[in-house]
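# Structural overview
These are the residues of each chain, in order.
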Amino acid sequence: LPRGYDAQKIYKFMTKYMDNDMIKDFIDSSVDNDIRIELIFKRGTVINLQEVEEKMSTFTTIIPNYTLISERGVKIFEKVEQIIETFTEARIRVVKRRYELLVEEYEARLAKNNEIIRFIKEKHYAQAEKSENRKSFVDYLKKNKFQYAEYLADMAIYRMTKEEVAKRTLMIKEDSAELKEFKRIAKSMELIKGKLIEELNDVKVKLTEIMDQKEKEKKKVLSKIDKEQNKKRK
């Protein structure tokens, strides 16, 4: 079918040939982009495929319009390749920023876990009993240069153990390795490009799976339609 032909336009097109008695009726068994239209002629009509193609063929003309609308305004592209270049540049910035944010996140996680370990080892939690209220305890922690004073003030007393220190120490080791890798990627344009390619390949795999599943479902529907039509013909 030419571009722009939906079910309504197909019906209108076919009705025109029914009105002038070229065809008696038609059966549209199309599913998605798999077009199946059966033409039904009046009994006794002698017609060949070439004649049908000559009389019923149609086409549409479409002029490519490569337009980008963004917060910066409207940009017109002359070639498809320019769209790919613009997309790539934008995605590279996004991937780079993602790794910069991961660096910030993991630095904060390390700082927090280091403070938790110091909080437990130096037994600052004992000061909670001496404090008049939560605010005075938070003020005490801030005075002792705890950045996460609010979080530490709400930690349960049962967590002030060697096991908690060991757990946090292991987390610091794992996060430090991750942080090192994130910093390495964030500083290298080649690695950023490599990560972008990995993402696009992942999307390709997932899209292929989705399309394969849709194709299976479409075949089931078409098979069901064929069976129903064969029953009607019999």
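Let us look at the structure shown here. (Residues numbered from 1 in each chain as written. Predicted model: local features only at pLDDT ≥ 70, side-chain atom pairs only at ≥ 80, totals over all residues. Heavy atoms only, no water.)

Within the secondary structure, asparagine 113 sits in helix 3 (residues 80-121). In this structure asparagine 113 comes out as buried when scored by relative accessible area, which is 3%. If we ignore the near neighbours within four places in the chain, the residues touching asparagine 113 are Arg168, Met171, Ile172 and Asp175. (Helix = DSSP H or I, 4+ residues; strand = E, 2+ residues; numbered from the N terminus. Buried < 20%, exposed > 50% of the residue type's maximum accessible area, 1.4 Å probe, protein only. Contact = heavy atoms within 4.5 Å.)

This brings us to the packing of aromatic side chains. Going through the model one piece at a time under the given rule, you end up with nine aromatic pairs. The interplanar angle of 80° and the centroid separation of 6.1 Å between the aromatic rings of tyrosine 5 and phenylalanine 13 together place this pair among those described as edge-to-face. Of the two residues, tyrosine 5 and phenylalanine 13, both sit in the buried class. When the ring of phenylalanine 137 is compared with that of tyrosine 140, the centres are 6.3 Å apart and the planes differ by 10°; the resulting orientation is stacked. With phenylalanine 137 and tyrosine 140 both in helix 5 (residues 134-143) and three residues apart, this pair spans about one turn of that helix. One aromatic cluster is present, built from ring pairs that chain together Phe119, Tyr125, Phe137, Tyr140 and Phe146. Sitting over the ring of tyrosine 5, lysine 9 keeps its end group 4.9 Å from the ring centre. (Phe/Tyr/Trp six-rings, centres within 6.5 Å; stacked < 30°, edge-to-face > 60°. Lys NZ or Arg CZ within 6 Å of the ring centre and 35° of its normal.)

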